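Secondary and tertiary structure notes
Here is how the chains run, residue by residue.
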Amino acid sequence: MELRDDHLSALIALVRQHTGIAMNEHKRVLLQGRLLPRLRALGIASWAGYIERLASDRTEVTSFIDSVTTNDTVFFRTPAVWSWLSETFLPAFAAQGRAAPLRIWSAAAATGEEAYSLAMSCLEYQAHAPGLRFEILGTDISHAALATARAGAYRGRSVARFEADRPALFRKYLVAHGDGVKVDPAVAQHVRFDQHNLLGRPPRSAAFDLVMLRNVLIYFDAEHQQQVLAGARAAMGPSARLVLGEQESITRLQTAFAFEQAHVYRIGGEPS
Ligand SMILES: C[S@@+](CC[C@H](N)C(=O)[O-])C[C@H]1O[C@@H](n2cnc3c(N)ncnc32)[C@H](O)[C@@H]1O
């Protein structure tokens with residue numbers, strides 16, 4: 001079914017309205033490929049009809065968001081970040097001797113692998129700091145991705161590399177489940193998932209010590225990147241750290257953050 005320019009523009013505007021994601025006409029094939037199954041499922045015969053449907057059907061907006069977002073992720077993505085977490089961030093946090101639990105926000109958590117990787121890292125660190133308590137919140141705009149995250153059951157690409165790279169952790173924290181694996185309840189009990197739009201208000205349970213905001217800024221234009229970063233800042237405690245994805249740099253933006261080391265940012269201009 002041909003996607004006319006005016007309908008493509010309308011869909012791009014709807015993507016921006018509902019997710020903040022910036023797309024352009026180069027995304028024509030991607031949008032067609034992802035949304036045609038929705039038209040077929042609904043028995044809608046034209047793009048105009050689908051666009052009309054989105055204006056009046058909140059449930060379809062949820063499916064639209066699920067379709068247009070890219071939820072790719074893996075366990076322990078970007079190994080350098082996980083070394084920094086275990087060798088720098090967690091020792092520094094434990095040394096503070098704070099009574100309150102460590103609070104981590106996996107923003108744009110997709111299907112949950114990052115949030116569970118955080119929980120496994122904290123559990124491993126308890127060997128050095130037995131009193132370490134921690135809570136992890138994973139959020140995403142996609143309901144479908146969150147359903148997978150809450151189920152904590154995985155197979156294929158998202159676990160293959162994990163098993164190859166970290167076999168001991170894999171055996172310790174994942175249990176066989178059908179033709180894949182499931183996150184052990186000892187890990188899952190530390191992780192909660194909520195639906196959240198990064199362009200909205202920060203989650204209510206704010207004052208996080210660590211915010212993982214990885215591989216999502218790339219989908220936004222500069223205006224929305226600034227807005228998302230301001231939201232992240234508002235959700236962080238004064239000595240918290242922000243972690244971005246490998247392809248993401250915020251140095252050209254006006255933000256509250258200062259570069260600390262690859263992928264890691266702190267608040268303000270002075271070391272804390
Ligand atoms: C490529 S995944 C990144 C997953 C994980 N953070 C990682 O680095 O592996 C990007 C995620 O951002 C989510 N996303 C896109 N726009 C969003 C928004 N406005 N608010 C919250 N999440 C959003 C998508 O649903 C998707 O799951």
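See the structure shown above.
Values in this document were obtained by computation on a predicted structure and should not be read as measured data.

Scanning the protein for helices and strands turns up 11 helices and 10 strands. Computed over C-alpha atoms, the radius of gyration of the protein comes to 20 Å, within 12% of the 19 Å expected from 2.2 N^0.38 for 272 residues, which places it in the range of a compact globule. Counting only C-alpha atoms and orienting by the principal axes, one finds that the protein spans roughly 60 × 50 × 30 Å. Across the 272 residues of the protein, 51% fall into the buried class. On the protein, roughly 13000 Å² of surface is accessible, and the fraction owed to carbon and sulfur atoms is 51%. Each charge class in the protein can be summarised by its mean position, and for the 29 positive and 27 negative side chains these summaries are 3 Å apart.

Take the packing of helix α1 (residues 5-19) against helix α4 (residues 58-68) next. Viewed as axis vectors pointing N to C, α1 and α4 meet at an angle of 95°, and their least axial separation amounts to 11 Å. The angle between α1 and α4 falls in the class roughly perpendicular. Contacts between α1 and α4 involve Leu11, Leu14, Val15, His18 and Thr19 from the first element and Arg58, Val61, Phe64, Ile65 and Val68 from the second. Taken together, the residues of the contact of α1 with α4 break down into seven nonpolar, two polar and one charged.

Along the chain, the position of Leu253 falls in the loop between β8 (236-244) and β9 (257-261). When neighbours within four sequence positions are excluded, Leu253 is seen to be in contact with Ala222, Gln225, Gln226 and Leu229.

The subject of this paragraph is the sheet that holds strand β7 (residues 208-213). Taken in spatial order, the seven strands of this open sheet run β6-β2-β1-β7-β8-β10-β9, and their pairing is mixed. Each edge of the open sheet is held by one strand with a lone partner, namely β6 (191-195) and β9. Within the sheet, the average angular offset between the axes of one strand and its neighbour, ignoring direction, is 25°. The sheet contact formed by β7 and β8 spans five bridges and is parallel. Bridged to Leu213 within β8 is Leu244. Across the face of the sheet, helix α6 (residues 113-125) comes into contact with β1 (102-107), β2 (134-140), β6 and β7 while running at roughly 155° to β1. Across the sheet, helix α11 (residues 222-234) touches β1, β7, β8, β9 and β10 (264-267), and the angle it forms with β8 is around 140°.

Relative to the elements of secondary structure, Ser142 occurs in the loop between β2 and α7 (143-151). You can call Ser142 buried: its relative accessible area is 0%. Beyond its immediate chain neighbours, meaning those up to four positions away, Ser142 contacts Ile65, Asp66, Thr69 and Asn71.

The next point concerns the nonpolar core. If you look at the biggest cluster of nonpolar residues, it comprises 47 residues, and the most contacted ones within it are Leu11, Leu31, Phe64, Leu213 and Leu242. Residue-level mapping places this core at the junction of two domains, with at least three residues from each of domain 1 (5-68) and domain 2 (79-267). For Leu31, the contacting residues outside a window of four places in its chain are Leu8, Leu11, Ile12, Val15, Met23, Leu36, Trp47 and Val68. Among the nonpolar cores identified, the runner-up in size contains 42 residues, and Trp82, Phe170, Val181 and Leu210 belong to it.

In this section: the pairing of β1. Here β1 lies mainly inside the structure; six of its six residues are buried. Taken together, β1, α6 and β2 form a β-α-β motif whose crossover is right-handed. Here β1 pairs with β7 via four bridges, running parallel. Residue Ile104 lies in a different strand from β7, and its bridge partner there is Leu210.

What counts, and where the lines are drawn
Along every chain, residues carry numbers that run from 1 in the direction the sequence is written. The predicted origin of the model limits local features to residues at a pLDDT of at least 70 and limits the giving and counting of side-chain atom pairs to 80 or more, whereas totals for whole chains, interfaces and linings rest on all residues. Note: side-chain values were computed over all heavy atoms of the structure, leaving out hydrogens and water. Only DSSP runs of H or I reaching four residues or more are called helices, and only runs of E reaching two or more are called strands; each is numbered from the N terminus. In this setup the radius of gyration rests on C-alpha atoms only. A globule is expected at 2.2 Å times the number of residues raised to 0.38. Only protein chains enter the accessibility calculation, which uses a 1.4 Å probe; a residue whose area is less than 20% of its type maximum is buried, one above 50% is exposed, and one in between is partly exposed. Accessible surface is estimated by sampling points in the Shrake-Rupley manner with a 1.4 Å probe; for residues, cover comes only from the protein chains shown. Charged residues are defined narrowly, with Lys and Arg counted positive, Asp and Glu counted negative, and His plus the chain ends left uncounted. Lysine's charge is taken at NZ, arginine's at CZ, aspartate's at CG and glutamate's at CD. Helix axes are fitted to C-alpha atoms over the stretch in contact, other axes to C-alpha atoms as well, and angles between N-to-C directions run from 0 to 180 degrees. Small angles under 35 degrees read as roughly parallel and large ones over 145 as roughly antiparallel, with 65 to 115 read as roughly perpendicular and the rest as oblique. Only heavy atoms enter the contact rule, under which two residues are in contact if any of them lie within 4.5 Å. Only Asp, Glu, Lys and Arg are considered charged, only Ala, Val, Leu, Ile, Met, Phe, Trp, Tyr, Cys and Pro nonpolar, and every remaining residue, Gly among them, polar. For two strands to pair, DSSP has to find at least two bridges joining them. To qualify as a nonpolar core, a set must consist of buried Ala, Val, Leu, Ile, Met, Phe, Trp, Tyr and Cys residues joined through side-chain atoms within 4.5 Å. For the domain bounds, the source is a domain assignment made automatically or taken from a database. A crossover gets the label right-handed when its path from the first strand over the helix to the second runs clockwise, viewed with the strands pointing away from the viewer.

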